[in-house]
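Fold and contact review
So the chains spell out like this:
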Amino acid sequence: MQVYGLQEENWNESALSIVVVGASGDLAKKKIFPALFALYYQDMLPNHFRVFGYARSKMSDEEFRELIGGSLTCRLSDSKDCGRKMDDFLSRCFYQPGQYASDEDFGALAARMSEGEAGLAAADRLFYLSIPPNIFTAVAGAASRAASSQTGWTRMIVEKPFGKDSESFKQLSDELYQHLREDQIYRIDHYLGKELIENLTVLRFANLVFEPLWSRQYIRNVQVIFSENFGTEGRGGYFDQYGIVRDVIQNHLLQIMALFAMEQPASLDAEDIRNEKVKVLKSIQQVRLEDCVLGQYRSRTTKGTTLPGYLDDDTVPPNSITPTFAACAVFVNNARWDGVPFLLKAGKALHSRVAEIRVQFRHVPGNLYRNKLGVDLDKATNELVIRIQPNEGIYMKINNKVPGLGLRIDSTRLDLTYKAKYDTHLPDAYERLILDCINGDRRLFIRNDELEVAWEKFTPVLKEIEQRGVQPELYPYGSRGPVGAHYLAAKHGVRWGDLVDDE
Ligand SMILES: NC(=O)C1=CN([C@@H]2O[C@H](COP(=O)(O)OP(=O)(O)OC[C@H]3O[C@@H](n4cnc5c(N)ncnc54)[C@H](OP(=O)(O)O)[C@@H]3O)[C@@H](O)[C@H]2O)C=CC1
Ligand SMILES: O=C1O[C@H](COP(=O)(O)O)[C@@H](O)[C@H](O)[C@H]1O
């Protein structure tokens, strides 16, 4: 395996063509091209790399360069050479218009790719499917038939959503297997590419102090929290067909939970890690409707400005009951986690943008300092917070004597805030994941059986919600979400750590 960015001697041996299918779209512009430029800027791409945009929209190479040029930024600290590098990068970008199911059009793309591959020992081709899911299979078929590499590898990154339930997942999966082998499919969940998520296994398995505490014996509950302070703006059409459970909880939050709760893998090999994830996912109980709270944001007028409700989005059908907020209590039926609630909470149009994991520990038995800590024992227990974004960091809430005469105890933090400790920019998740795919590193991509189990756990409750037409509880735009989330937490003896910290 060639490891680009690390083994420079390999860089001249083969060509790399990266094809962004759906190049005219939102994700391509917002994330994929900026990530590719950031990799190029950091010299992580091989010498003979070229980028091809592919979509139905008609554009010349020049127009395409203009389109993506506007979204590239020189955000890296050493940006003095950035203008020149940007021009170099753009000169390696090309655009090929075409239909998604057309072998002929993908053949024309292949002919253009071949031009830059001539004379090199191997030509590797990476297709990033940044398109709506209803055309994944058509593209996989046409691209693999007409534009696969004959001398190197061909890989495809497939975006979410990967199905809507167990049945549609299986259909999509079977269809993709008609064109691609498992080792060619890179199912992306961009949360796995975030710095703090990569660090989760390091934190657990490289520190003696955590692993012994990582069980029902010491942990009271685990909270995986995602909140955004903006609504579906512009993506309502997509979002309404899926809802927040499918958009965020069944994938991003469940993946985080699996990494958090799995047993130690035999090695850092992708298959060993993914075997452990599948094992713990299988041990999760079916999610029950009585353990879920659903919400939908409504409009709110504040200081003379009206923030639109979900139903005010023109792309959302009138009277939609699609949830934009959900909190679910999930349980793992195994010896390590029996009885520990994992609370997964996600919402749009809330009061802040944050993603974090909160681990609340049990009370110290026979606590000597009980009367010094006040009556609120919830506030006096240790809590480990892994802040995924923004202001990435890890902190542990501990009880500490307030310095000075007398004996006053205070809850304070052992704090590792990344920007205070590390003078380096954190790579965007898409940078890391695209580079991993180029290097053939599958650890942070999702295997088919992981998704199969993930859908098994959520499909029954999603169907029940839809069949019963469960009405979401309304919450105002910019609020802390529906009150029902507090009742759900209280039912399981939990207080939301993010809301306590806000007080
Ligand atoms: N945008 C985001 O923030 C995120 C997106 N994703 C996923 O990434 C993928 C791409 O997302 P995004 O860029 O937002 O998608 P877009 O809706 O912007 O679609 C991408 C491109 O696909 C083509 N397209 C759109 N609709 C259709 C259609 N019905 N039939 C055929 N072609 C169509 C269009 O290109 P043209 O008309 O030129 O052919 C469009 O520019 C999706 O699977 C999405 O779920 C995942 C996480 C976040
Ligand atoms: O996958 C998705 O993620 C984004 C949030 O990603 P982030 O990296 O900006 O936190 C979310 O807005 C979107 O609805 C969802 O599809």
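Cut-offs applied
- Residues numbered from 1 in each chain as written.
- Chains lettered and ligands numbered in written order.
- Predicted model: local features only at pLDDT ≥ 70, side-chain atom pairs only at ≥ 80, totals over all residues.
- Heavy atoms only, no water.
- Helix = DSSP H or I, 4+ residues; strand = E, 2+ residues; numbered from the N terminus.
- Rg over C-alpha atoms; globule rule 2.2 N^0.38 Å.
- Buried < 20%, exposed > 50% of the residue type's maximum accessible area, 1.4 Å probe, protein only.
- Contact = heavy atoms within 4.5 Å.
- Areas by Shrake-Rupley, 256 points an atom, 1.4 Å probe, with all protein chains shown as cover.
- Near = heavy atom within 4 Å.
- Polar contact = N/O pair within 3.5 Å; in protein donor to acceptor, adjacent residues only side chain to side chain.
- Domains from an automatic or database assignment.
- Nonpolar A, V, L, I, M, F, W, Y, C, P; charged D, E, K, R; others polar.
- Arc of directions from axis to C-beta.
- Pairing = 2+ DSSP bridges.
- Axes fitted to C-alpha atoms, helices over the stretch in contact; angles between N-to-C directions.
- Parallel < 35°, antiparallel > 145°, perpendicular 65-115°, else oblique.
- Left-handed = near helix turned anticlockwise from the far one by under 90°.
- Expected span 1.5 Å × (residues − 1).
- Bend = angle between axes of the 7 residues up to and from the residue.
- Phe/Tyr/Trp six-rings, centres within 6.5 Å; stacked < 30°, edge-to-face > 60°.
- Lys NZ or Arg CZ within 6 Å of the ring centre and 35° of its normal.

1. So, the overall build of the protein
Within the protein one finds 15 helices and 17 strands. For the protein, whose C-alpha radius of gyration is 24 Å, the value lies close to the compact-globule estimate of 23 Å for 503 residues. The dimensions of the protein, computed from C-alpha atoms along their principal axes, are 75 × 50 × 50 Å. Here the protein holds 503 residues, and the buried ones make up 56% of them. Pairs at least 24 apart in sequence give 78% of the contacts found in the protein among residues at least 6 apart. In the form shown here, the protein has an accessible surface area of approximately 21900 Å², with 50% of it arising from carbon and sulfur atoms.

2. A closer look at the site of ligand 2
Within the structure, ligand 2 sits among K160, H190, Y191, K194, F226, E228, R235, D247, H252, K348, R353 and Q389. A distance of 2.5 Å is found between an oxygen atom of ligand 2 and a side-chain nitrogen or oxygen belonging to E228. Measuring from an oxygen atom of ligand 2, one finds a side-chain N or O atom of R353 at 3.4 Å. For ligand 2, the protein covers 85% of the area, taking 390 Å² as the surface of the free molecule.

3. Things to note about the domain arrangement of the protein
The domains assigned to the protein are domain 1 (8-159) and domain 2 (192-363 + 449-502). Just the C-alpha atoms count here: the centres of domain 1 and domain 2 sit 33 Å apart.

4. So, the site of ligand 1
For ligand 1, the set of nearby residues contains 19 residues, the closest of which are S24, D26, K30, S57 and Y100. A distance of 2.8 Å separates a nitrogen atom of ligand 1 from a polar atom in the side chain of D26. K30 is positioned with one of its side-chain polar atoms (N or O) 2.7 Å from an oxygen atom of ligand 1. In the complex, the protein chains occlude 77% of the 870 Å² of accessible area that ligand 1 would expose alone. Here the shell around ligand 1 gets three residues from one element, more than from any other, and that element is helix α1 (residues 26-41). Residue classes in the shell around ligand 1 are distributed as eight nonpolar, five polar and six charged.

5. Topic: helix α14 (residues 484-491)
Note on helix geometry: an α-helix contains 3.6 residues per turn, so any two residues three or four positions apart are oriented the same way. Among all positions in α14, only G484, A485, L488 and A489 are buried. Down the axis of α14, the buried set is contained in an arc of 140°. They therefore lie on one face. Among the exposed residues of α14, those oriented more than 90 degrees off its buried face are Y487 and A490.

6. Some remarks on the sheet that holds strand β7 (residues 219-227)
Whenever strands of a sheet pair, they do so through backbone hydrogen bonds, lying parallel or antiparallel. Ordered in space as β16-β15-β14-β13-β7-β12-β11-β8-β17, the nine strands form an open sheet in which the pairing is mixed. One side of each edge strand has no neighbouring strand; the edge strands of this open sheet are β16 (409-417) and β17 (473-476). This sheet shows a mean twist of 20° between the axes of neighbouring strands, independent of strand direction. Pairing of strand β8 (residues 292-298) with strand β11 (residues 325-330) involves four bridges; the strand directions are antiparallel. Bridging from a neighbouring strand, V293 pairs with A327 of β11. Each of β13 (354-361), β14 (383-389) and β15 (393-401) touches helix α7 (residues 195-205); the most contacted strand, β14, lies at about 150° to it.

7. Observations concerning the packing of α7 against helix α8 (residues 236-261)
Any two packed helices are characterised by the angle at which their axes cross and by the distance between the axes. Direction vectors running N to C along α7 and α8 enclose 15°, while the axes themselves pass 9 Å from each other. When the axis of α7 is compared with that of α8, the two are roughly parallel. With respect to the hand of their crossing, α7 and α8 are arranged in right-handed fashion. Here α7 contributes I197, L200, T201 and R204 to the contact with α8, which in turn contributes I256, L259, F260 and A261. Taken together, the residues of the contact of α7 with α8 sort by class into six nonpolar, one polar and one charged.

8. Topic: the sheet that holds strand β2 (residues 48-55)
Spatially, six strands are ordered β3-β2-β1-β4-β5-β6 in an open sheet, and the strand pairing comes out parallel. The sheet is open, and its two borders are formed by β3 (93-97) and β6 (185-187), each paired with just one other strand. Adjacent strand axes in the sheet meet at a mean angle of 20°, parallel and antiparallel pairs treated alike. Both strand β5 (residues 154-158) and β6 contribute to a ladder of three bridges, which runs parallel. Bridging across to β6, M156 finds its partner in I185. Helix-sheet contacts for helix α4 (residues 103-117) involve β1 (14-21), β2, β3 and β4 (122-129), and the interaxial angle to β2 is about 165°. Helix α5 (residues 136-147) rests against β1, β4 and β5 of the sheet, and its axis sits at about 165° to β4.

9. Thoughts on α8
In this model α8 runs just 33 Å from its N-terminal to its C-terminal C-alpha over 26 residues, more than 12% under the 38 Å that 1.5 Å per residue would give. Roughly 100° is the biggest bend found in α8, and it falls at G243. With 24 of 26 residues buried, α8 is to be regarded as a mostly interior element.

10. Remarks on the side chain of R274
With respect to the helices, strands and loops of the structure, R274 is situated in helix α9 (residues 270-282). Aside from chain neighbours lying at most four places away, what touches R274 is R442, R443, F445, I446, R447 and E450.

11. Overview of the packing of aromatic side chains
Applying the stated rule across the entire model yields 25 aromatic pairs. Where F33 meets F64, the ring centres are 5.4 Å apart and the plane angle is 80°; that geometry is what we call edge-to-face. Of the two residues, F33 is situated in helix α1 and F64 in helix α2 (residues 61-69); the sequence distance between them amounts to 31 residues. When sorted by exposure, F33 lands in the same class as F64, which is buried. Aromatic side chains Y40 and F89 sit 5.9 Å apart centroid to centroid with 40° between the ring planes, which places their arrangement in the tilted category. Within this pair, whereas Y40 is found in helix α1, its partner F89 is found in helix α3 (residues 82-91), the two being separated by 49 residues in sequence. Assessed through its relative accessible area of 13%, Y40 is described here as buried. Directly above the aromatic system of F94 lies the positively charged group of R65, at a separation of 5.3 Å from the ring centroid.

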